[in-house]
Amino acid sequence: MLSMNDPSLTDRCAQLSGMLPFDGIGLYEQPKPRFIFKMPRVVPDQKSKFESDELFRRLSRESEVRYTGFRDRPQEERQVRFQNGCREGHTEIAFIATGTNIQLVFNPSISANSYHMAPPSRECDFDKEHGKVHLKSSFIMNGVCVRWRGWLDLERLDGVGCLEYDEEKAMIEDAMLRDQIERYNQRLREFEKQRSYSRGQQDRTQDQDMDLRMSGGVMNSQSMSRCPQRLSGIPLQNRKKPDMTNGHAHHT
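Residues numbered from 1 in each chain as written. Predicted model: local features only at pLDDT ≥ 70, side-chain atom pairs only at ≥ 80, totals over all residues. Heavy atoms only, no water.

Asker: Is there a simple way to explain the side chain of K132 in this structure?
Answerer: Examined against the element boundaries, K132 turns out to sit in strand β5 (residues 132-141). Within the structure, K132 has its side chain in polar contact with the side chain of E129 (distance 3.1 Å). (Helix = DSSP H or I, 4+ residues; strand = E, 2+ residues; numbered from the N terminus. Polar contact = N/O pair within 3.5 Å; in protein donor to acceptor, adjacent residues only side chain to side chain.)

As structure tokens, then:
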């Protein structure tokens, strides 16, 4: 019987969930840094990267794609699972030429005969062409807003597709990026202002301490000047007066 603290059980659960196992220290909340800068979702110039990046240039050309889900299952079962996944709004495809795997997420399929009217540009369309399904899916890839567009054969489970630059989503993400940077810069300015104020307070405290030490030294010197007898090696009351007899001074 396995206990909850058995490391093999932890590793097995981690493999099933697709996540790394929990670390013992990680169960406790760690102290957060003063600033947490969330990694931006997109790069500053998305269109330029889409046009200049070699991977995007290759994926932007229409090329052969293939369904990659449930490869260990029979072809008939894979066909059913592929169609069900499309109707639920997700599927997995790969560009054969580059081996790039992509998880597509889109609006579920809506039949033209259903009660709800189909939108003019459906992201999953079984009715456009017999024996095929046409798909569209928008997502962010390597910091660039893109849209996958293509079709797959319902029997062979392969087809043709490509990536397009999604101008509309890119504008939205750019606005979010500028707002995120502005908020971070504002927090950074406030932090610098607070740090300058704290540093000034600390300097003033040190100056006050120095003034107190200096004033204490002056008072001690004044006290010593009022008692000159203490500056001599022999106390004043113990000193002997000279004998002035016969005009000569004789010390006794």
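We are not done yet, so read on.
Asker: Sorry, what's going on with the packing of aromatic side chains here?
Answerer: Aromatic ring pairs are described here by two measures, namely the spacing of the ring centres and the angle between the planes. All chains considered together, the criterion is met by three aromatic pairs. Residues F50 and F56 carry aromatic rings whose centres are separated by 5.3 Å and whose planes lie at 35° to one another, so their mutual orientation is tilted. Comparing F50 with F56, the two get one shared label, buried. A centroid spacing of 4.9 Å and a plane angle of 55° characterise the contact between Y67 and F82, whose relative ring orientation is tilted. Residue Y67 is found in strand β1 (residues 63-67), and its partner F82 is found in helix α4 (residues 75-88); the two are separated by 15 residues along the sequence. You can call Y67 buried: its relative accessible area is 4%. In this structure an aromatic cluster arises from ring pairing among F50, F56 and Y165. Sitting over the ring of F126, R87 keeps its end group 4.5 Å from the ring centre. (Phe/Tyr/Trp six-rings, centres within 6.5 Å; stacked < 30°, edge-to-face > 60°. Buried < 20%, exposed > 50% of the residue type's maximum accessible area, 1.4 Å probe, protein only. Lys NZ or Arg CZ within 6 Å of the ring centre and 35° of its normal.)

Asker: Looking at this structure, I do not really get the confidence of the model for the chain. What am I missing?
Answerer: When pLDDT drops low, the exact placement of atoms in the prediction is not to be read closely. Mean pLDDT over the chain stands at 77; residues scoring 70 or higher make up 65%. Per-residue pLDDT stays below 50 along residues 13-28; that stretch engages in seven contacts with residues further than four places along the chain or on separate chains. A low-confidence stretch, residues 111-118 stays under pLDDT 50, and its non-local contacts, those more than four residues away or across chains, total seven contacts. (pLDDT = per-residue confidence, 0-100. Contact = heavy atoms within 4.5 Å.)

Asker: Sorry if this is basic, but what is going on with the sheet that holds strand β3 (residues 100-105) here?
Answerer: Taken in spatial order, the seven strands make up an open sheet running β3-β2-β1-β7-β6-β5-β4, and their pairing is antiparallel. Unpaired on one side and paired on the other, β3 and β4 (124-125) mark the two borders of the sheet. Here α4 sits on the sheet in contact with β1, β2 (90-95), β4, β5 and β6 (144-153), set at roughly 115° to β2. (Pairing = 2+ DSSP bridges. Axes fitted to C-alpha atoms, helices over the stretch in contact; angles between N-to-C directions.)

Asker: I keep staring at unusual backbone geometry and nothing clicks. Help me out?
Answerer: The general pattern is negative phi for most residues beyond glycine and trans for most peptide bonds. The phi dihedral of N142 falls on the positive side, at around 55°, and the residue is not glycine. Counting through the fold element by element, N142 comes out in the loop between β5 and β6. In the Ramachandran plot, L157 falls in the positive-phi region, its phi being about 65° despite a non-glycine side chain. Given a relative accessible area of 1%, L157 falls into the buried group.

Asker: Got a minute to help me understand the pairing of strand β7 (residues 158-165) in this structure?
Answerer: Within a regular strand, side chains alternate between the sheet's two faces. Counting buried positions along β7 gives six out of eight residues, so the element sits mostly inside the fold. By the bridge criterion, four bridges tie β1 to β7 in an arrangement that is antiparallel. For V65, the partnering residue across the bridge sits in β7 and is G159. Judged from the seven bridges that link them, β6 and β7 form a sheet pairing that is antiparallel. Each bridged residue has a counterpart across the sheet, and for R147 the counterpart in β7 is E164.

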